[in-house]
Amino acid sequence: MFICTATKLHPSLPSPFHLPNTAAIPPTTRKRKAAEASISSQPTEALPNKRVASAAKSKAPPTPVTTTSNTMDSEEDFMSAMSSDADMQDFSGEEAPSYPFTYFDDDFDDEPDPDFGVLKDSGSKKKVAYDVSFQVYEPADIQRQQDDMVNEVNMILDINKEDAAILLRHFRWNKEKLIEDLMDRRAKVLEAAGLGTDVNTAPKLEPVPGFVCDICCEDEEGLETFAMKCGHRYCVHCYRHYLTQKVREEGEAARIQCPAEGCGRIIDTKSLDLLVTPDLADRYRELLNRTYVEDKDTLKWCPAPDCQNAVECGVKKKDLDKVVPTVACLCGHRFCFGCILNDHQPAPCELVKKWLKKCADDSETANWISANTKECPRCNSTIEKNGGCNHMTCRKCKHEFCWMCMGLWSEHGTSWYNCNRFEEKSGTDARDAQAKSRMSLERYLHYYNRYANHEQSAKLDKDIYQKTERKMVELQRESGMSWIEVQYLNAASQTLQMCRQTLKWTYAFAFYLARNNLTEIFEDNQKDLEMAVEALSEMFEKPVQELCDRKLKVVIMDKTSYCNKRRIILLDDTAENLANGATGGTIYDYFAW
Amino acid sequence: MTSFASKRLAKELSKLKNGLPPGIDLISADNFEEWLMDIRVLDDNPIYRGEVYRLKFRFSPQYPIEPPEVTFIKQSDRPIPTHPHIYSNGIICLDLLGSQGWSPVQNVETVCMSLQSMLTGNSKNERPPGDEEFVRSNRKRPRDIDFYYDDNTV
């Protein structure tokens, strides 16, 4: 029998506070500043690029529908010049920045030429530090892998395929361990896997004279019955009912045990096929496939809705403090292999978990506390003033103070209930102490608000993109550009999404970062990317009439490419430091917050 | 209700009417959805001495493939037994009542006997940890509660 504690009994209390926070720097101000900075520097950088771009265009026809290899080549150039979709999505194949790895201030003139003129398949491919290798498998691949392993075990150990599959599942697809263990103590292993002493008889239904089913208590003559090798016999209806319940309702497959109490015998595929309807058998196989992925530590399902693919990645759980294994499924969904959450580079999983928890617990509450309360100058209890005069008496420590100046009430003399005093020592001291205790809260809010802002903006950018698709059609009509030629908007949109995702997490990351030189580099990188992203975001929102301007197109393409580069630099640098920090020095040490 | 569950329950009922183990009594079984049973502890365990407890069984149409929902119910002369697996609202945390521990071979009688022996074997006169909070906030049916079995010594 088992003792228990009920888990998740009471969801954490919903935060009652939903007040606008006052601590945030208004995002619009930031946006405008960033945009101005980049726009003012545009003309100088746009000129040479435009020349290259138009040169490329003169080679390629506006509507590249010809099939000669010659034009295809130039089209490729052309596509690369536009930082095509493939370029944006396939980051595993992304090449390293071709210029020296230096940090510069936000002077956009230092910007190296974007993609233009850089050959896509140049041999100078360098693996960026944040890259992890991974492989995406479709359902058929997953099936094939299982079949291969089953066949192998079947051949090596001379065990029939059904039993080999059960054994492999029992050993969580650790083939080596299975073979070794089975050689050593065959009977024990077979018993443990629910196979018992193996008698090679095919499963069959049979009526047994004088049989009474223990489940339905039926004792009809000629009732078909079934038993696995454990000998627990039930009527075929009950068995079928039982299996249907397990497979359909409970989603079990690899470890469905015999219905008898305490019998660990596991139902095999052949027996199941004999007992259930074909569609249930299909479902069973689907679930079996699933357990294969779930059993293997190197495989994980793509969490995107309706996606059936699995991703294989060799990053181990213990390394998650050093790497952020971001993988991209064939369906386009990017997620972290470590924790299955959406792409959260550059922040490591542990930090993400902490941050999300903190946000769920704190953010709104903290906002409210910040806006509506003060701390008692003596005991630091948080106090909300809900009306009445300025004469406060702390309920906890009985300290008497003035709500306005936070000074001792006794010093107020006769100016009761109307604090007009300033610069009394007790008041300034109290305010100083309070300021310190508020700082941690403000610090959190600083990062949280920026984090939340990017999350929000990414959503808005996405909405805008949906409108942009219509815009792209319009743009084609108004400007005479071809479909291919308006794809730059698509590229820009995807860049915005991805960069915002990264930026969002840089703020969570920064919250946990100890202050040192590297933090400053990190923040510079962050600032660079942020300004570029905001600038791009602003251009992206422009009306179609303005977008018709081919100059603006080049500017947007440049900015898109620049954003991508800045993102890579930021991630690469952070990943490198993260890896080093975990192995040797104390580069990024999070302090307990 | 499918004939499947009714047929099985009808057979169980006729068996129960023919005789029950000591300390277990059938109180009502007017339909095939809800039965009431009384149980008491047979030895003189001081925690449960002289008390009788009432159990409510609720059967789904999937019974006995699915486990029944079994809870203690409180009445003036029927308290909720004190036990580290029994919440004060009568909800029981027992693996054999969950879909993982349940076997369709179990029946009302065997469940009663299991609960009887669970009480007999207990020496801790206490409620589960977090009982008060659970009783106050739980709105779920017992089968939907995600019990976490972390100690099988009791």
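The structure displayed is predicted, hence computed values, not measured ones.

**Some details on the overall build of chain B**
Argument step 1. When helices and strands are tallied, chain B shows 3 helices and 5 strands.
Argument step 2. Helices and strands appear in chain B in the N-to-C order α-β-β-β-β-α-α-β.
Argument step 3. Buried positions account for 49% of the 154 residues belonging to chain B.
Argument step 4. Within chain B, contacts between residues separated by at least 24 positions form 61% of all contacts whose residues are at least 6 apart in sequence.
Argument step 5. With the model as given, the accessible surface of chain B reaches about 7,300 Å², and the carbon-plus-sulfur share is 46%.

**Observations regarding the sheet that holds strand E2 (residues 134-137) of chain A**
Residue and element names in this part refer to chain A.
Argument step 1. Strand order in this open sheet of 3 strands is E2-E7-E6, and the pairing throughout is antiparallel. What marks the edges here is a single partner per strand, and that holds for E2 and strand E6 (299-301). With direction set aside, neighbouring strand axes in the sheet form an average angle of 25 degrees.
Argument step 2. Pairing of E2 with strand E7 (residues 310-313), which is carried by 4 bridges, proceeds in the antiparallel orientation. Bridge pairing in E7 places tyrosine 137 opposite alanine 310.
Argument step 3. Seen against the sheet, helix H5 (residues 139-157) touches E2, E6 and E7 and runs at an angle of roughly 100 degrees to E2.
Argument step 4. Sheet strands touched by helix H11 (residues 278-295): E6 and E7. Its angle to E6, the strand with the most contacts, is close to 125 degrees.

**Quick look at the sheet that holds strand E3 (residues 53-58) of chain B**
Residues and elements named next belong to chain B.
Argument step 1. Taken in spatial order, the 4 strands line up as E1-E2-E3-E4 in an open sheet, and their pairing is antiparallel. Because the sheet does not close on itself, it has two edges, and the strands there are strand E1 (24-28) and strand E4 (69-73). Taking each pair of neighbouring strands and ignoring which way they run, the sheet shows an average axis angle of 30 degrees.
Argument step 2. The pairing of strand E2 (residues 34-39) with E3 spans 6 bridges and is classified as antiparallel. Each residue of the ladder has a partner; that of aspartate 38, found in E3, is arginine 54.
Argument step 3. Here helix H1 (residues 3-17) sits on the sheet and contacts E1 and E2; the angle it forms with E2, its principal contact strand, is near 30 degrees.

**Side note on the nonpolar core**
Residue and element names in this part refer to chain A.
Argument step 1. Counting 54 residues, the largest nonpolar core has Trp355, Leu475 and Ile556 as its most contacted members.
Argument step 2. Here the element with the most residues in this core is helix H14 (residues 487-511); it accounts for 12 residues.
Argument step 3. The contact partners of leucine 475, leaving out residues within four places of it in the chain, are Gly480, Met481, Val486, Tyr488, Leu489, Val544, Leu547 and Cys548.

**A short note on the confidence of the model for chain B**
Argument step 1. Chain-level statistics for chain B give a pLDDT mean of 84 and a share of 88% at 70 or above.
Argument step 2. Taken as a whole, residues 150-154 of chain B scores under 50 in pLDDT and shows 16 contacts with residues more than four places along the chain or in a different chain.

**Thoughts on the pattern of salt bridges**
Pairs can form between side chains of opposite charge whenever their charged atoms are close.
All names here are of chain A.
Argument step 1. Inspection of every chain in the model, using the stated rule, returns 27 salt bridges over all chains.
Argument step 2. Lysine 246 serves as the salt-bridge partner of glutamate 250, at 3.0 Å between the closest nitrogen and oxygen.
Argument step 3. Exposure remark for glutamate 250: the relative accessible area of 24% places this residue in the partly exposed category.
Argument step 4. Exposure remark for lysine 246: the relative accessible area of 7% places this residue in the buried category.
Argument step 5. The partner of glutamate 534 in a salt bridge is arginine 500, and the shortest N-O contact between them spans 3.3 Å. With a gap of 34 residues between them, glutamate 534 in helix H15 (residues 517-540) and arginine 500 in helix H14 connect regions that are remote in the sequence. Each of the two residues, glutamate 534 as well as arginine 500, counts as buried.

**Comments concerning the packing of aromatic side chains**
Residues and elements named next belong to chain A.
Argument step 1. Tallied over the entire structure, the rule returns 22 aromatic pairs over all chains.
Argument step 2. Seen in terms of ring centroids, tyrosine 444 and phenylalanine 511 are 5.7 Å apart; in terms of plane orientation they differ by 70 degrees. Their pairing is edge-to-face. One end of the pair, tyrosine 444, is in helix H13 (residues 425-479); the other, phenylalanine 511, is in helix H14, and 67 residues separate them in sequence.
Argument step 3. Grouping aromatic residues by their ring pairs yields a cluster made of Trp355, Tyr444, Tyr447, Tyr448, Tyr451, Trp505, Tyr507, Phe511 and Tyr512.
Argument step 4. Across from the ring centre of tyrosine 444, 4.6 Å away, lies the NZ or CZ of lysine 358, which sits over that ring.

**A closer look at the side chain of threonine 326 of chain A**
All names here are of chain A.
Argument step 1. Of note, threonine 326 is situated in strand E8 (residues 326-328).
Argument step 2. Overall, the relative accessible area of 9% leaves threonine 326 in the buried class.
Argument step 3. Side-chain polar atoms of threonine 326 contact the side chain of glutamine 345, separated by 3.2 Å.
Argument step 4. With residues up to four places along the chain from it excluded, the contact list for threonine 326 reads Val132, Phe134, Arg334, Phe335, Cys336, Asp343 and Gln345.

**As for the side chain of glutamate 252 of chain A**
Argument step 1. Mapped onto the fold, glutamate 252 of chain A is located in the loop between helix H9 (236-249) and helix H10 (269-275).
Argument step 2. Note on glutamate 252 of chain A: relative accessible area 15%, which makes it buried.
Argument step 3. The contact partners of glutamate 252 of chain A, leaving out residues within four places of it in the chain, are Lys246, Val247 and Leu287 of chain A together with Gln100 of chain B.

**Focus: H11 of chain A**
Residue and element names in this part refer to chain A.
Argument step 1. Given a rise of 1.5 Å per residue, 18 residues ought to cover 26 Å, and the 25 Å separating the end C-alpha atoms of H11 matches this to within 8%.
Argument step 2. By the burial criterion, the buried members of H11 are Leu280, Ala281, Tyr284, Leu287, Leu288, Asn289, Thr291, Tyr292, Val293 and Asp295.
Argument step 3. Contacts made by the buried residues of H11 are with H5, helix H6 (161-170), H9, H10, E6 and E7.

**Points about the packing of H14 of chain A against H15 of chain A**
Residues and elements named next belong to chain A.
Argument step 1. Where H14 meets H15, the axes come as close as 10 Å, and the angle between the chain directions of the two elements is 145 degrees. Crossing hand, H14 versus H15: left-handed. Across the interface between the two elements, Leu489, Ala492, Ser493, Thr495, Leu496, Cys499, Arg500, Leu503, Thr506, Tyr507, Phe509 and Ala510 from H14 touch Phe522, Gln526, Leu529, Glu530, Val533, Glu534, Leu536, Ser537 and Phe540 from H15.
Argument step 2. Grouping the amino acids of the contact of H14 with H15 by side-chain chemistry returns 13 nonpolar, 5 polar and 3 charged.

**Structural notes on the environment of glutamate 138 of chain A**
All names here are of chain A.
Argument step 1. Turning to its location among the elements, glutamate 138 is positioned in the loop between E2 and H5.
Argument step 2. The spacing of glutamate 138 and cysteine 329 is 191 residues in sequence and 9.9 Å in space, taken between C-alpha atoms.
Argument step 3. In this structure, glutamate 138 is in contact with Asn309 and Leu330, ignoring residues within four places of it in sequence.

**Points about the environment of glutamate 523 of chain A**
Residues and elements named next belong to chain A.
Argument step 1. Inspection of the secondary structure assignment puts glutamate 523 in helix H15.
Argument step 2. Note: C-alpha distance between glutamate 523 and leucine 570 (47 residues apart in sequence) is 9.4 Å.
Argument step 3. Not counting residues up to four positions away in its chain, the partners in contact with glutamate 523 are Tyr447 and Arg515.

Cut-offs used in this document
- Residues numbered from 1 in each chain as written.
- Chains lettered and ligands numbered in written order.
- Predicted model: local features only at pLDDT ≥ 70, side-chain atom pairs only at ≥ 80, totals over all residues.
- Heavy atoms only, no water.
- Helix = DSSP H or I, 4+ residues; strand = E, 2+ residues; numbered from the N terminus.
- Buried < 20%, exposed > 50% of the residue type's maximum accessible area, 1.4 Å probe, protein only.
- Contact = heavy atoms within 4.5 Å.
- Areas by Shrake-Rupley, 256 points an atom, 1.4 Å probe, with all protein chains shown as cover.
- Pairing = 2+ DSSP bridges.
- Axes fitted to C-alpha atoms, helices over the stretch in contact; angles between N-to-C directions.
- Core = buried A, V, L, I, M, F, W, Y, C linked by side-chain atoms within 4.5 Å.
- pLDDT = per-residue confidence, 0-100.
- Salt bridge = Lys/Arg side-chain N within 4 Å of Asp/Glu carboxyl O.
- Phe/Tyr/Trp six-rings, centres within 6.5 Å; stacked < 30°, edge-to-face > 60°.
- Lys NZ or Arg CZ within 6 Å of the ring centre and 35° of its normal.
- Polar contact = N/O pair within 3.5 Å; in protein donor to acceptor, adjacent residues only side chain to side chain.
- Expected span 1.5 Å × (residues − 1).
- Left-handed = near helix turned anticlockwise from the far one by under 90°.
- Nonpolar A, V, L, I, M, F, W, Y, C, P; charged D, E, K, R; others polar.

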